[in-house]
Amino acid sequence: MPPGSPIPSWNLLTDIQELWSFPFMVTAFRAGTIVAILAGAIGWFMVLRKQSFAGHSLAMVSFPGAAGATLIGVSTAYGYFGFCIAAALVIAARPRTGSGGHSEESAVTGTVQAFALACGFLFVALYKGFLDGITALLFGSLLGVTDDEVLILLIVAVLALGTLAVIGRPLLFASIDPDVAAARGVPVRALATVFLVLLGAAVAEASQLTGALLVFALLVMPAATAQVLTARPGLSLVLSMLIGVLVTWFGLGVAFYSQYPIGFFVTTFAFVLYVLANAIRLGLPRLRMSWSTA
Amino acid sequence: MISLLTTDFMRHALLAGTAIAAACGLVGYFLVLRAQVFTGDALSHVAFTGALAALAFGIDPRIGLFVGTVAVALLLGALGRRGRADDVVIGNIFAWVLGLGVFFLTVYTTSRSTANGTAGVTILFGSIFGISAGQAVTAAWIAAAICVILLFIARPLLFSSIDEAVAAAHGVPVRLLGYVFLVLVGACSAEATQAAGALLLLGLLAAPAGTAHRLTTRPYLGLALAAGLAVVEMWVGLVLSALFSRIPPSFAILAVAAGVYALVLIADTLRKSTNGATKPAPDHTPTHPERALI
């Protein structure tokens, strides 16, 4: 998987030129940028709506999706999108049992998630000689995306972000105070369903690059960091996308020059930013207050 | 059938599996009751990283499993209020921990000449039929210890899970119990990783417990039911996968557990909808039925 053994010079410009002299790196950078922007935006709403567990479960479902697609011999992209969006609809359609049912819902989600992973494992076991691919499906690889698939990624991302732009304001309202929003005539339930489908699409996109297990990092970490840094919704939404893109670029660049996989670098950079953001918030509460009032 | 049960690998699997399933059922019951399923999920991912880190440094993976899960369990307890961590914090930590796991996987497979290329897959998805006699006995003892400790603290833990404020006012050491419970969850995850694998053990924690919660509101009966269901589901799964050798054991166990849960959910929903049409009186659903019994 590591392409030869390129050695980075300390001249950033030459390094970037060298990176982009490889067509697969250009593809990876394009895919990474698309995925990071989408995951940053959708993840921001996911963190706001406290749906981390649902997002994580959707990420897990992408694994049997890809494994199943490989088993029946179609492009893994179909498997990712098909399974993730279907699972999002299942989570949305699940009947609400009232406020008391919260803990039981998580038991259902957990069971579905573990069962989905088990199905993925079964597909892999049934498909002989696929055991090497399993690591790439779970943890991603630089070569995970082809040129044609970048186009699919782009189309889906534009559609998803367009939808998000249309429903953004009411969704924000419904996320912050669902009861008041419902009283004002905002269709809270329909918005929740649309959002889950968007989340499914974002997860399906991101898993093609980072693998099923590490998607969650792109969804939750930039968003959580941005929400720690500023309380203003518009600013932190943009910040979340920016952090996602930066982290992905650095991850791709460093992964190219090292023998370790991209997932490790992306998660580590994102986590360092998150810890730094929390340290800033805890260390400089006064300064932060003056920022948010400015 | 009888000859199958007397083979060595089946006897070891049954011994370890029974003890592990009982521990998972008991721990899972409290996880669902305390709405901490996401914590169990996070700890199961930590198990993966712990085991691979130990392999990368060349020590027994079980040491890495236990050290990793128990340490992160304590960390999660320290970060959350009253021994319960926030979803976003959990999500950030375990996304990064998974990234670290990938790092150790690469270190292990590239640096050790004796490396087993499928070690990562084994840890993620389990290999209960590969367990040795010594490992099975150790696993059984540790699982038995988890069960005994949990039953010992069951009464105060039930009280503090159902109503933390009242329990604290009665002098129950709520915070300490929260920590002890998290450590038990960590130990249980480490145990179950050997049977079902790091990715699938969540099903073993959530499915029998969710089923028990649906079947009865009486806490001690529920505990017994969760443990009993988990053990029986483990047995059925093991036998099924031994009979049909193409089905991996962890898939069989999870499929049985998820299937039983799904059947109970469907039956219960049907019963409620037919009952609800004739008599709306909520005769068996007081808000906190457990409280009356303690």
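Rules behind the numbers
Residues numbered from 1 in each chain as written. Chains lettered and ligands numbered in written order. Predicted model: local features only at pLDDT ≥ 70, side-chain atom pairs only at ≥ 80, totals over all residues. Heavy atoms only, no water. Helix = DSSP H or I, 4+ residues; strand = E, 2+ residues; numbered from the N terminus. Buried < 20%, exposed > 50% of the residue type's maximum accessible area, 1.4 Å probe, protein only. Contact = heavy atoms within 4.5 Å. Polar contact = N/O pair within 3.5 Å; in protein donor to acceptor, adjacent residues only side chain to side chain. Nonpolar A, V, L, I, M, F, W, Y, C, P; charged D, E, K, R; others polar. Expected span 1.5 Å × (residues − 1). Salt bridge = Lys/Arg side-chain N within 4 Å of Asp/Glu carboxyl O. Axes fitted to C-alpha atoms, helices over the stretch in contact; angles between N-to-C directions. Parallel < 35°, antiparallel > 145°, perpendicular 65-115°, else oblique. Left-handed = near helix turned anticlockwise from the far one by under 90°. pLDDT = per-residue confidence, 0-100.

Undergrad: Can you lay out the overall build of chain B for me, pointing to particular residues and giving the numbers?
TA: A count of helices and strands for chain B gives 14 helices and zero strands. Here chain B holds 294 residues, and the buried ones make up 58% of them. For chain B, the proportion of contacts with a sequence separation of at least 24, taken over those separated by at least 6, is 79%.

Undergrad: Tell me about the interface of chain A and chain B, and please be specific about residues and values.
TA: Counting from both sides, the interface comprises 47 residues of chain A and, opposite them, 47 residues of chain B. At the junction of chain A and chain B, the tally comes to three residue pairs in polar contact (both at pLDDT 80 or more). Examining the composition of the side of chain A that touches chain B, we find that 18 residues originate from one element, helix H5 (residues 102-126) of chain A, more than from any other. Partitioned by chemical class, the residues of the side of chain A that touches chain B number 31 nonpolar, 14 polar and two charged.

Undergrad: How would you summarise helix H7 (residues 133-152) of chain B if you had to cite specific residues and measurements?
TA: Helix length check: H7(B) (20 residues) gives 29 Å between terminal C-alpha atoms against 28 Å at 1.5 Å per residue, within 8%. If you follow the buried residues of H7(B), they end up packed against helix H2 (8-33), helix H8 (154-162) and helix H10 (174-196) of chain B.

Undergrad: So, unusual backbone geometry: which residues are in play, and what are the values?
TA: Of note, the phi angle at Lys50(A) is positive, near 55°, even though the residue is not glycine. In this structure, Lys50(A) sits in the loop between helix H2 (23-48) and helix H3 (52-72). Even without being a glycine, Ala35(B) presents a positive backbone phi close to 55°. The residue Ala35(B) is located in the loop between H2 and helix H3 (37-57) in this model.

Undergrad: Describe the pattern of salt bridges, and please don't skip the residues or the numbers.
TA: All names here are of chain B. Scanning the entire structure with this criterion turns up three salt bridges over all chains. A salt bridge links arginine 62 to aspartate 60; the nearest nitrogen and oxygen atoms lie 3.5 Å apart. Salt-bridge contacts for arginine 271 lead to aspartate 268; the nearest nitrogen and oxygen are separated by 2.6 Å. Here the residue arginine 271 and the residue aspartate 268 both occupy positions in helix H13 (residues 249-278), the gap between them amounting to three residues, near one helical turn.

Undergrad: Explain the packing of H3(B) against helix H4 (residues 61-79) of chain B to me, using residue names and the numbers behind them.
TA: Residues and elements named next belong to chain B. Where H3 meets H4, the closest approach of the two axes is 7 Å, and the angle between their N-to-C directions is 140°. When the axis of H3 is compared with that of H4, the two are oblique. Where H3 crosses over H4, the two elements pack in a sense that is right-handed. Across from Thr39, Leu43, Val46, Ala47, Gly50, Ala51, Ala54 and Leu55 in H3, the residues of H4 making contact are Pro61, Gly64, Leu65, Gly68, Thr69, Val72, Ala73 and Leu76. Of the residues contributing to the contact of H3 with H4, the split by class is 11 nonpolar, five polar and no charged.

Undergrad: Give a detailed account of the confidence of the model for chain A, specifying residues and quantitative values.
TA: All names here are of chain A. Per-residue confidence for chain A averages 81 on the pLDDT scale, and 86% of its residues sit at or above 70. Model confidence for chain A, summarised as mean pLDDT per element, is weakest for helix H13 (residues 285-293) at 56 and strongest for helix H11 (residues 233-257) at 89. In this model residues 97-101 is a low-confidence stretch, pLDDT under 50, and it forms two contacts with partners more than four residues away in sequence or in other chains.

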